[in-house]
Amino acid sequence: MTQRAKTEAGGREQATEPAHRGLSAAEVAERVARGEVNDVPVRSSRSTADIVRSNVFTRFNAIIGVLFVIILIVGPIQDGLFGFVIVANTGIGIIQELRAKKTLDSLAVIGESRPTVRRDGEAAEIPTSEVVLGDVIELGPGDKVIVDGEVLESDGLEIDESLLTGEADPVVKQPGEKVMSGSFVVAGGGAFTATKVGREAYAAQLAEEASRFTLVHSELRTGISQILKYVTWMMVPTAVGLILSHLFTLNMAGDEAVRRMIAGIVPMIPEGLVLLTSVAFAIGVVRLGRKKCLVQELPAIEGLARVDVVCLDKTGTLTEGGMDVSDLRPLDGTDEGHLKQVLGALGASDPRPNASLQAIIDAYPAGDGWRSTDALPFSSARKYSGATLQNPDGDSTTWLLGAPDVLLPSGDDALSEVDDLNAQGLRVLLLARAERGLHETDVADHVRPTALVVLEQRLRPDAMDTLRYFEEQGVQAKVISGDNAVSVGAVAGKLGMPGADSPVDARELPSDPDEMGKVLEDGAVFGRVTPQQKRDMVGALQKRGRIVAMTGDGVNDVLALKDADIGVSMGAGSEATKAVAQIVLLDNSFATLPSVVAEGRRVIGNITRVATLFLTKTVYSVLLAILVACCQIPYPYLPRHLTLLSTLTIGVPAFFLALAPNKERAKPHFVRRVMRYAVPSGLITGLAAFATYLLARSHYSGPDALPAETSAATLTLFLSAMWVLAIIARPYTWWRVGLVLAMGLGFLIVLVVPWLQNFFDLKLVGTTMPWAAVGIAAAAAVLLEVAWRFIGRRFPA
């Protein structure tokens, strides 16, 4: 019940004294002082402390930190360069996530729900966090119940508690009954007083955990964690084997043995892979934030990139929220002037009109002398609303306004006219006089039709391009609407949507999920869909292995949004839809969706690409360590060598490749897809480097032989790893070619500049062995090409 009432004389709205004035300013201040405030954090980003902690205190930072300290003890400092790289990586990760946090926090304020609270007899919208114990909170269709409370006023108030209890049917609430936070209003209005706020509220703890910004629960990050777990297991026995063989078998000095051991295990750690994943996600949030897209759960970027079916609600998604009355067609000779007065009174009877009723209110203002004595608010389950009206003469009549095919019996003459109008993409409502009481269960079965109200919907100008984008990307679009199927099909047809000429009436859908799934696969446009059916349709598609995104803005979309793999809500949508959606389009533009899909594909495609680089290094590092231990020979590299190689062949290029455009559709099985290339690439690269090392050991002799052997093996390893980079950088663009050449130039500079030669302990001796190293690398490049092409044909992703 709002604070507005109809005057007895004219039916116009005038402010009246509310039955419940709410708290006074002094009472509010007293409760704030006691801490009785709704202080549950809103859905937003992680805290600065969480971001720093998650980037600094990681498993591999701890391992590398210990190894770095050891190198600082045994020296020299250039063998500890990997430690500075980790510091730089961690700093980049923190900075990027803080940028994402700033973007998310600013967008969260824009999208935050603001409940209407009554204080000192005046209603005002305030932030959720400022609600205090005992506040009187007004409710209307689509509003979310933000705290636990007790109903004070009810005007046909129906609340859906399915997200809390699993019970699908809305519950009619009367004064004195309880309402729970996390539920939402599906019809009617009212007010309740807050009895539990903050973390004491029923759904507060659940909402706080579920709403927190997070980097987990994605196949990408789960796969990377799985890989890192296996690497950890391999590191310990490898380190033990290397240190024992160097100390006791080769009788190497302790500091030198430690350096060689550290050189063997540091490159096994794909430390930059975690960083790049976090950075790619964080930059994705910033990019989408610039387009007024609030990503409430970060993995939603990844999830939407994997989607292969998008279910669209017509109203508010394909069409704009507003409508216009284009025609009023009386039936059975009813006086048009009288009908306009009835429609005006019906509009005035609803304090929270939906888009259809608002169009009627704009077209037919309330007349003098009419008043509403009883009202039945619109419900998406019923498909009609109603009111008992008293005219200026004091006569009372009951009227219903709703879907013609729901209020009229099948075969009624008026339905053929309705079908013709629906076929033109127009929305048609039936105004009918009821012969039963407004709240009787069979009131819709005994009506006398009096007029058809024809409404024209406004198509979104960007909807056609967006639908075309999904079609080009292989994503099926399905329109699921509560409106008449023919009308929905006509609207979809105007937008050029495939399958729009064969709309399906959802009342004819089979209830069995398997049978329903088959119909859904074949159809593209569905009308007369109930809220529960929307949910069932999402489930039926998921059961067939589809990854489903659901868009919507109305309260009737909430259940489907909650169950879909990705829920997308419009910023102007109801509070309930924004609460359950992972992505909120704050500018209400359906055209933003392709940007979200593209951003997700960029992240997943590029991380999959660069993960192959990192894990190739892990594979060849493990292989070299095993071969060295088995052959009882010194490990060929120092930490500085592998730091240089990792920076030039992986670290720097991976950063650029991870942020590049990528439109490749996301595919499942991340670990398998990465390892099928990383394992053969690592084996070929590692064997080539080891072959050069063995050849160099037989070629060089004397006390300075080991540095010369290391330099030759480093050359082969660099050239082989560069070829892996060259393969991964495909398809080539000018900047990708430039990136690969720049990395090669960087290594060349190290080889020719004297002080860099000394710093990295790299100096090619003679001409025979260096050219042999190049030849072995060339052979490795040929094998890499053959292996990649064979795997691509034999084991397609």
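Because the structure is predicted, anything quoted here is derived from the model rather than measured.

### Thoughts on the overall build of the protein
Inference 1: In terms of helices and strands, the protein carries 27 helices and 23 strands.
Inference 2: When its C-alpha atoms are laid out on the principal axes, the protein stretches across 120 × 65 × 40 Å.
Inference 3: Looking at the 797 residues of the protein, the share that counts as buried comes to 57%.
Inference 4: When contacts within the protein are restricted to residue pairs at least 6 apart in sequence, those whose partners lie at least 24 apart make up 73%.
Inference 5: Of the roughly 32,100 Å² of accessible surface on the protein, a fraction of 58% belongs to carbon and sulfur atoms.

### A word on the sheet that holds strand β19 (residues 504-505)
Inference 1: Across the sheet, which stays open at both edges, the eight strands sit in the order β10-β23-β22-β21-β11-β18-β20-β19 with mixed pairing between neighbours. Both outer strands of the open sheet, β10 (293-295) and β19, are each paired with one neighbouring strand and no more.
Inference 2: Of the strands in this sheet, β10, β21 (548-552), β22 (566-570) and β23 (583-585) are in contact with helix α10 (residues 299-306), which crosses β22 at around 105°.

### What to know about helix α11 (residues 336-348)
Inference 1: Between its first and last C-alpha, α11 extends 18 Å over 13 residues, near the 18 Å set by a 1.5 Å rise per residue.
Inference 2: For α11, every residue scored as buried is listed here: L339, V342, L343, G344, A345, L346, G347 and A348.
Inference 3: Residue D335 occupies the N-cap position of α11, its side-chain oxygen lying 3.4 Å from the main-chain nitrogen of G337.

### A word on the side chain of T608
Inference 1: When you line up the elements, T608 lands in helix α21 (residues 593-631).
Inference 2: Residues within four places of T608 in sequence aside, it is in contact with F670, R673 and V674.

### Things to note about the confidence of the model for the protein
Inference 1: On average, residues of the protein carry a pLDDT of 82, and 91% of them reach 70 or more.
Inference 2: By mean pLDDT, strand β1 (residues 4-6) is the weakest element of the protein at 37, and helix α25 (residues 734-752) is the strongest at 94.
Inference 3: Every residue in residues 1-16 scores below 50 in pLDDT, and together they form 45 contacts with partners more than four places removed in sequence or on other chains.
Inference 4: Below a pLDDT of 50 lies the segment residues 206-217, which in the model reaches 26 contacts outside its immediate sequence neighbourhood of four places, other chains included.

### Here's the deal with the pattern of salt bridges
Side-chain pairs of opposite charge can arise where the charged atoms are in close proximity.
Inference 1: Applying the stated criterion across every chain yields a total of 30 salt bridges.
Inference 2: D308 is the partner of R546 in a salt bridge, and the nearest nitrogen-oxygen pair spans 3.9 Å. Placement of the pair is R546 in the loop between α18 (531-543) and β21 and D308 in the loop between α10 and β11 (309-312), with a sequence separation of 238 residues. D308 shares its class with R546; the two are buried.
Inference 3: Through salt bridges that share partners, D308, E521, R544 and R546 make up one connected network.

### Some thoughts on helix α8 (residues 254-265)
Inference 1: Compared with an ideal rise of 1.5 Å per residue, which puts twelve residues at 16 Å, α8 spans 17 Å between its outermost C-alpha atoms and is within 8% of the ideal.
Inference 2: Burial analysis of α8 places ten of its twelve residues in the buried class, the great majority of the element.
Inference 3: Those residues of α8 that fall on the buried side of the exposure criterion are E256, A257, V258, R259, R260, M261, I262, A263, G264 and I265.

### Overview of the packing of helix α7 (residues 219-249) against helix α9 (residues 271-290)
Packed helices, taken two at a time, are described by their axes: the angle between them and the distance between them.
Inference 1: Interaxial distance between α7 and α9 falls to 11 Å at its minimum, and their mutual angle equals 170°. The angle between α7 and α9 places the two elements in the roughly antiparallel class. Note on element contacts: α9 touches α7 through L273, V274, T277, S278 and F281, opposite L220, R221, I224 and L228.
Inference 2: Taken together, the residues of the contact of α7 with α9 sort by class into six nonpolar, two polar and one charged.

### Quick word on the nonpolar core
Inference 1: Ranked by internal contacts, the top residues of the largest apolar core, which has 126 residues, are L304, I583, I607 and F747.
Inference 2: Element by element, the count of residues in this core is highest for α21, at 15 residues.
Inference 3: In contact with L304, other than residues within four places in its own chain, are A549, I566, I583, L593, V596 and V597.
Inference 4: Among the nonpolar cores identified, the runner-up in size contains 24 residues, and C311, V504, V529 and A540 belong to it.

### Considerations on the side chain of Q533
Inference 1: Mapped onto the elements of the fold, Q533 is located in helix α18.
Inference 2: For Q533, the contacting residues outside a window of four places in its chain are A506, R507, L509 and R528.

### A closer look at the packing of aromatic side chains
Inference 1: One pass over the structure, following the stated rule, counts eight aromatic pairs.
Inference 2: For the pair F655 and F656, a centre-to-centre distance of 6.3 Å together with 90° between the ring planes defines the contact as edge-to-face.

### Re the pairing of strand β5 (residues 136-139)
Inference 1: Residues V136 and E138 of β5 are buried on one face, and the alternating residues I137 and L139, pointing to the opposite face, are buried as well.
Inference 2: Here strand β3 (residues 116-119) runs beside β5; their pairing, made up of three bridges, is antiparallel. Its bridge partner lying in β5, R118 is registered against V136.
Inference 3: Of the strand pairs in this sheet, β5 and strand β9 (residues 184-196) are connected by four bridges, and their pairing is antiparallel. The residue bridging I137 from the neighbouring strand is F192, located in β9.

### Examining unusual backbone geometry
Inference 1: Here the residue pair R730 and P731 is connected by a cis peptide bond, since its omega of -5° sits within 30 degrees of zero.
Inference 2: Within the chain, K292 stands out as a residue other than glycine whose phi angle is a positive 60°.
Inference 3: By the element assignment, K292 lies in the loop between α9 and β10.
Inference 4: You will see that K383, though not glycine, has its phi angle at about 75°, which is positive.
Inference 5: Relative to the elements of secondary structure, K383 occurs in the loop between β13 (371-379) and β14 (384-390).

### As for the pairing of β13
Inference 1: As paired strands, β13 and β14 are joined by six bridges and run antiparallel to one another. Bridging from a neighbouring strand, A375 pairs with A387 of β14.
Inference 2: Hairpin connection of β13 to β14: four residues between the antiparallel strands, including K383 at a positive phi of 75°.

### Concerning the environment of G517
Inference 1: Secondary-structure assignment places G517 in helix α17 (residues 513-522).
Inference 2: Residue class for G517 comes out buried when judged on its relative accessible area of 0%.
Inference 3: With 24 residues separating them in the primary sequence, G517 and L541 have C-alpha atoms 5.6 Å apart.

### Description of the environment of G539
Inference 1: With respect to the element layout, G539 can be found in helix α18.
Inference 2: With relative accessibility at 31%, the residue G539 sits in the partly exposed group.
Inference 3: Separated by 24 residues in sequence, G539 and D563 have C-alpha atoms that sit 7.3 Å apart.

### Re the state of the cysteines
Inference 1: Per the stated rule, a full pass over the model turns up zero disulfides.
Inference 2: No disulfide involves C630; its sulfur sits 6.6 Å from the nearest other cysteine sulfur, which is in C631.

### Considering the environment of F670
Inference 1: Residue placement: F670 occurs in helix α23 (residues 670-699).
Inference 2: Note: C-alpha distance between F670 and A524 (146 residues apart in sequence) is 31 Å.
Inference 3: Those residues in contact with F670 that sit more than four places away from it in its chain are E219, L220, G223, I224, I227, I607, T608 and A611.

Cut-offs applied
- Residues numbered from 1 in each chain as written.
- Predicted model: local features only at pLDDT ≥ 70, side-chain atom pairs only at ≥ 80, totals over all residues.
- Heavy atoms only, no water.
- Helix = DSSP H or I, 4+ residues; strand = E, 2+ residues; numbered from the N terminus.
- Buried < 20%, exposed > 50% of the residue type's maximum accessible area, 1.4 Å probe, protein only.
- Contact = heavy atoms within 4.5 Å.
- Areas by Shrake-Rupley, 256 points an atom, 1.4 Å probe, with all protein chains shown as cover.
- Pairing = 2+ DSSP bridges.
- Axes fitted to C-alpha atoms, helices over the stretch in contact; angles between N-to-C directions.
- Expected span 1.5 Å × (residues − 1).
- Polar contact = N/O pair within 3.5 Å; in protein donor to acceptor, adjacent residues only side chain to side chain.
- pLDDT = per-residue confidence, 0-100.
- Salt bridge = Lys/Arg side-chain N within 4 Å of Asp/Glu carboxyl O.
- Parallel < 35°, antiparallel > 145°, perpendicular 65-115°, else oblique.
- Nonpolar A, V, L, I, M, F, W, Y, C, P; charged D, E, K, R; others polar.
- Core = buried A, V, L, I, M, F, W, Y, C linked by side-chain atoms within 4.5 Å.
- Phe/Tyr/Trp six-rings, centres within 6.5 Å; stacked < 30°, edge-to-face > 60°.
- Disulfide = S-S within 2.5 Å.

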